Amino acid sequence: YQILSRQLRLSMLRAAIYFTPAPDTELAQAAAAWLGRDIFTSPPSSTTDISGIEAKRFAEIIASPFHYGFHATIKPPFKLASGFHLEDVKQYLKNFTQNLSPFLLPPLQLKFMHDFFCLVPRSQSATLNQLAAEVVRQFDHFRQPADQDEIERRRKKGLSGDQDKLLVQWGYPYVMNEFRFHLTLTGRMDDENEKKIIKKNLDLRFPQSLLDAVHFSNLCLFVERDGKPMVCEACFRLNFL
């Protein structure tokens, strides 16, 4: 019974390795105000008031980034493979970050990409891309392989041949050469008027002064339990100098 109970608990838990700005930065604080949620403290804060969009509709627009927290995906959410505990991943991440140096991201910009608003670098960063690929590789032994249902669900969204190969190998199609760093601010949108309103608000809340000097200074372990919003379980600074 105990073994079955533990397996059931693990099946309802997903871990991920994300980047998120340090909590004392203006960017992190602007994101917390926008989403109505600080990922370093799980309770929601006050709801953002958007003129021209009803509160219920705005909650739908930000539902996805609200759930996952303000972040850029480095190692996508995964279920733990048999024999591993969350503490194993945490300790591995702690050790891993001790050999990494912080670096400055290229200036970010607001972009409407794949039907949602996000912040993306204005130029490519080889350092960032190499780090992301290394995290995917180094932590993959902790990942329970994706089942066929999950693979087929992702295939329905339309994947290229390379993306399909990555999906099969790594459980996610947008890693390695398909990796695109982005900090998500909304869910998918198709109403043109809503897009204009949201963009106007995002331009005000995320001025270029917040986006020009963002330091990639940490890697964080995020955890989703029982389908509830993800929380930051642990955050480790890149300490190698």
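Please refer to the structure placed before this passage.
These remarks concern the structure in this document. A quick note: this is a predicted structure, and the numbers were derived from the prediction, not measured.

1. Digging into the nonpolar core
Counting residues in each nonpolar core, the largest one holds 54 residues, and the members touching the most others are Trp34, Phe181, Phe216 and Leu219. The biggest single contributor to this core is helix α2 (residues 26–35), with five residues. In this structure Leu219 touches Ile17, Tyr18, Ile74, Leu93, Phe96, Thr97, Leu100, Val135, Ala234, Cys235, Phe236 and Leu238, once residues within four positions along its chain are discounted. One finds Ala16, Tyr18, Ile39 and Phe222 within the second-largest nonpolar core, a separate group that totals seven residues.

2. Quick notes on the pattern of salt bridges
Opposite charge on two side chains permits them to pair, given that their charged atoms come into close proximity. Counting across every chain of the model gives 13 salt bridges. In this structure, Arg155 engages Glu152 in a salt bridge whose closest nitrogen and oxygen atoms are separated by 3.0 Å. One end of the pair, Arg155, and the other, Glu152, are both in helix α7 (residues 148–155), three residues apart, so they sit about a helical turn from each other.

3. With respect to the environment of Val120
Along the chain, the position of Val120 falls in strand β7 (residues 116–121). On the basis of relative accessibility, which here comes to 6%, the residue Val120 falls in the buried class. C-alpha separation for the pair Val120 and His71, spaced 49 residues apart in sequence, amounts to 12 Å. Apart from the residues within four sequence positions on either side, Val120 is in contact with Pro107, Leu108, Gln109, Lys111, Met113, Phe181 and His182.

About the cut-offs
Residues numbered from 1 in each chain as written. Predicted model: local features only at pLDDT ≥ 70, side-chain atom pairs only at ≥ 80, totals over all residues. Heavy atoms only, no water. Core = buried A, V, L, I, M, F, W, Y, C linked by side-chain atoms within 4.5 Å. Buried < 20%, exposed > 50% of the residue type's maximum accessible area, 1.4 Å probe, protein only. Helix = DSSP H or I, 4+ residues; strand = E, 2+ residues; numbered from the N terminus. Contact = heavy atoms within 4.5 Å. Salt bridge = Lys/Arg side-chain N within 4 Å of Asp/Glu carboxyl O.

So, to be careful, I would describe these as geometric facts and stop short of saying anything about function.
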